[in-house]
Amino acid sequence: MVMSRVHLPVLGGIAVPQVAPADPLLDGFARRIRYLRVSVTDRCNYRCSYCMPEDLGDQLSFAPKSAVLSFEELERVITIFARLGVRKVRLTGGEPTVRKGIVELVARIHRIPGIDQVVMTTNGHLLAELAAPLAAAGLSAVNVSVDTLDPARFATLTGRGELPRVLAGIDAAVGAGLAVKTNAVALRGVNEHELAALCEDAWSRGAVPRFIEHMPMSEGQLYATEAELPSSEIRGRLEAVFGPLSQEARPGADPGPARYWSVGGGREVGIISAMTDHFCGDCNRLRLTATGALHACLGHDDAVSLRDVLRGGGSDEDLVRAVAGAVTGKRAGHVFDRSGTGGPGKHMISIGG
Ligand code: SAM
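As the structure is a prediction and not an experimental result, all values here were calculated from the model.

As for the overall build of the chain
- Summing up its helical and strand segments, the chain has ten helices and twelve strands in all.
- Its C-alpha atoms give the chain a radius of gyration of 20 Å, within 12% of the compact-globule value 20 Å for 353 residues.
- Over its C-alpha atoms, taken along the principal directions, the chain stretches across nearly 65 × 45 × 40 Å.
- Out of the 353 residues belonging to the chain, those deemed buried represent 57%.
- Taking the intrachain contacts of the chain between residues at least 6 apart in sequence as the baseline, contacts between residues at least 24 apart amount to 74%.
- Surface summary for the chain: the accessible area is close to 13900 Å², and the carbon and sulfur share equals 53%.
- Seen as two clouds, the 38 positive and the 39 negative side-chain charges of the chain have centres 5 Å apart.

Quick notes on the pairing of strand E3 (residues 117–122)
- When you tally the buried positions in E3, you get five out of six residues, the bulk of the element.
- Judged from the four bridges that link them, strand E2 (residues 88–92) and E3 form a sheet pairing that is parallel. Each residue of the ladder has a partner; that of Lys88, found in E3, is Gln117.
- This β-α-β element, E2 to helix H2 (residues 102–110) to E3, shows right-handed connectivity.
- As judged from the five bridges shared by E3 and strand E4 (residues 139–145), these two strands associate in the parallel manner. Residue pairing across strands places Val119 opposite Ala141, the latter belonging to E4.

A short note on the layout of surface pockets
- Roughly 310 Å³ of internal volume is contained in the second largest pocket.
- In terms of lining residues, the second largest pocket is bounded by Val40, Thr41, Asp42, Arg43, Ala63, Pro64, Lys65, Val68, Val98, Arg99 and Lys100.
- Per-class residue counts for the lining of the second largest pocket are five nonpolar, one polar and five charged.

A word on the site of the ligand
- Every one of the 18 residues lining the ligand counts as a neighbour, but Tyr50, Gly94, Glu95, Ser145 and Met215 are closest to it.
- Between the ligand and Asn183, the relevant distance is 3.5 Å, taken from an oxygen atom to a side-chain nitrogen or oxygen of the residue.
- Residue Met215 places a main-chain N or O atom 2.9 Å away from a nitrogen atom belonging to the ligand.
- Summarising the interface, the protein chains cover 95% of the accessible area of the ligand, which totals 550 Å² for the free molecule.
- Of all elements in the fold, only E3, strand E5 (179–186) and strand E6 (208–213) reach the threshold of two or more residues within the shell around the ligand.
- Residues of the shell around the ligand, tallied by class, amount to six nonpolar, ten polar and two charged.

A look at the confidence of the model for the chain
- Confidence in the prediction for the chain averages 91 pLDDT; 93% of positions are at 70 or higher.
- Confidence drops under a pLDDT of 50 for residues 1–5, and excluding neighbours within four residues, the segment shows twelve contacts in the predicted structure.

Side note on the packing of helix H1 (residues 71–84) against helix H9 (residues 316–328)
- At a minimum axis separation of 11 Å, H1 and H9 run at an interaxial angle of 70°. Relative to H9, the element H1 is oriented roughly perpendicular. When the axes of H1 and H9 are compared, the crossing they make is right-handed. Two secondary-structure elements touch here, H1 through Arg76, Ile80, Phe81, Arg83 and Leu84 and H9 through Asp316, Leu319, Val320 and Val323.
- Grouping the amino acids of the contact of H1 with H9 by side-chain chemistry returns six nonpolar, no polar and three charged.

A look at unusual backbone geometry
- With a phi angle near 60°, Ala30 is a residue other than glycine that sits in the positive phi range.
- Assignment of secondary structure puts Ala30 in the segment before strand E1 (35–39).

As for helix H5 (residues 163–175)
- A rise of 1.5 Å per residue sets the reference length of H5, with its 13 residues, at 18 Å; its end C-alpha atoms lie 18 Å apart and thus fit the reference within 8%.
- Residues of H5 that are buried: Leu163, Val166, Leu167, Gly169, Ile170 and Ala173. For H5, the angular spread of buried residues about the axis comes to 150°, placing them on one side. Opposite the buried face of H5, at more than 90 degrees from it, the exposed residues are Pro164 and Gly175.
- Looking at the buried positions of H5, the neighbouring elements they touch are helix H3 (127–137), E4, helix H4 (151–158), E5 and helix H6 (195–205).
- Positive backbone phi, at 90°, marks Gly177, one or two positions downstream of H5.

How each quantity is defined
Here the residue index of a chain counts from 1 through its sequence in written order. Given that this is a predicted model, residues contribute local features only at a pLDDT of at least 70 and side-chain atom pairs are listed and counted only at 80 or more, while totals for whole chains, interfaces and linings are drawn from all residues. By convention in this description, side-chain values take in all heavy atoms of the structure and omit both hydrogens and water. Only runs of H or I of at least four residues qualify as helices and only runs of E of at least two qualify as strands under DSSP, and these elements are numbered from the N terminus. Here the globule rule is a power law, 2.2 Å times the number of residues to the power 0.38, and the radius of gyration is based on C-alpha atoms. Buried residues are those whose accessible area, probed at 1.4 Å on protein chains only, stays under 20% of the maximum for their type, while exposed residues exceed 50% and partly exposed ones sit between those limits. What makes two residues a contact is simply this: any of their non-hydrogen atoms within 4.5 Å. Per-residue accessibility takes into account occlusion by the displayed protein chains alone, with areas from the Shrake-Rupley method and a 1.4 Å probe. As used throughout, the charge tally considers Lys and Arg to be positive and Asp and Glu to be negative, leaving His and the chain termini uncounted. The location of each charge is read from NZ of Lys, CZ of Arg, CG of Asp or CD of Glu. DSSP-based pairing: two strands are paired if at least 2 bridges between them are found. With strands facing away from the observer, any crossover in which the path from the first strand over the helix to the second runs clockwise is taken as right-handed. Of the two site types, the cavity is a set of points on a 1 Å grid over the protein atoms alone where a 1.4 Å probe fits but cannot get out, and the pocket is an open set with protein on both sides within 12 Å along at least five of seven lines, each lined by residues with an atom within 4 Å of a point. Grid points are joined across faces, edges and corners, and a volume is the space filled by probe spheres set on the points. Note that Gly is not counted as nonpolar here; it falls among the polar residues with everything else outside the nonpolar set of Ala, Val, Leu, Ile, Met, Phe, Trp, Tyr, Cys and Pro and the charged set of Asp, Glu, Lys and Arg. Distances are taken per atom, and a residue is near a molecule or strand as soon as one of its heavy atoms is within 4 Å of it. Identification of polar contacts relies on pairs of N or O atoms within 3.5 Å, with a donor-acceptor requirement for protein atoms, meaning one able to donate a hydrogen and the other able to accept it, and with residues adjacent in sequence counted only if both atoms are side-chain atoms. Every residue carries a pLDDT, the predictor's confidence in it, which falls somewhere between 0 and 100. Working convention: axes come from line fits to C-alpha atoms, limited for helices to the stretch in contact. Angles between N-to-C directions cover 0 to 180 degrees. Any angle from 65 to 115 degrees is called roughly perpendicular, while one under 35 is roughly parallel, one over 145 is roughly antiparallel, and all others are oblique. It is the rotation of the near helix from the far one that decides the hand of a crossing: anticlockwise by less than a right angle makes it left-handed, clockwise makes it right-handed. How far a helix is expected to stretch is found by multiplying one less than its residue total by 1.5 Å. What the arc measures is the spread of directions leading from the helix axis to the C-beta atoms.

In structure tokens:
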């Protein structure tokens, strides 16, 4: 029997096994993990009202630099994940582009044997400058958040965002050969009347638009039931403009959170119905925070600290056991409920979406 050399701390209801199972990335519901989302910083240059408004500040303390995983630590952990079967890594945040050396980090992850895809979710603020170097470093795709096409509304919604910069970032990303999707959180009273325009704008730039149902992170504090736009309504609003949407088959595509619909003419739109029609049954993801907490589900606070294993002198086998603990503890599904309560205490900004 392999004995643990380090104490493996637990941050939630997760039991770390003494010996790693034969397939550490297969969970108790026969879901196989292939995809790791890595938050590379908990800091962001925007303050989106539904994610990290200015007045959440006193409840949110940014991790000191020393608490954040270094590039060497990330490389070690991702190499182990790749050995176990992870094929796709998404860098997120906070805002991943504000992490110093992000281009180098992409290059390092891209070189890890077994990692087929390195992709990123970003607010796009720095993308005009970074798209070409990121693509050269091996990034293959970006998801860019664009909730509104009205510059004044964009500035208000994001606290400090500049829409023209973000749109220029999308164009630069498409120009650099990156596959681009846009993300808009659909909110009644905010952008409900813009859904078709957001699609047209994304298509005109060579991007695929997506709409996300608002989720009650932060214990539902930023969640307003009256602002929620269910996917059925998102779809209805799009169909009123574009006619019936037919479901895209996407043969061979990795299961992801979005369901894609075809509008004809080669145009498609994605809808992420996290609340009203969730997709937990084929979830293939784990999430690593900037400070090394491994979460098996966006909708639960359970986690195991890989940083403590790394910094406690843990062996690769200790890391594998910690990962197996998170995977074994992966729940059947999230517990978001329609009232906005029952969501996780963690903040979206800390986990990275
Ligand atoms: N800063 C980057 C960005 O803006 O895309 C990456 C991090 S952000 C947390 C990732 C995604 O989560 C964004 O598309 C954002 O719109 C989405 N998001 C944030 N809070 C959300 C919430 N409460 N419900 C649904 N989506 C949310």
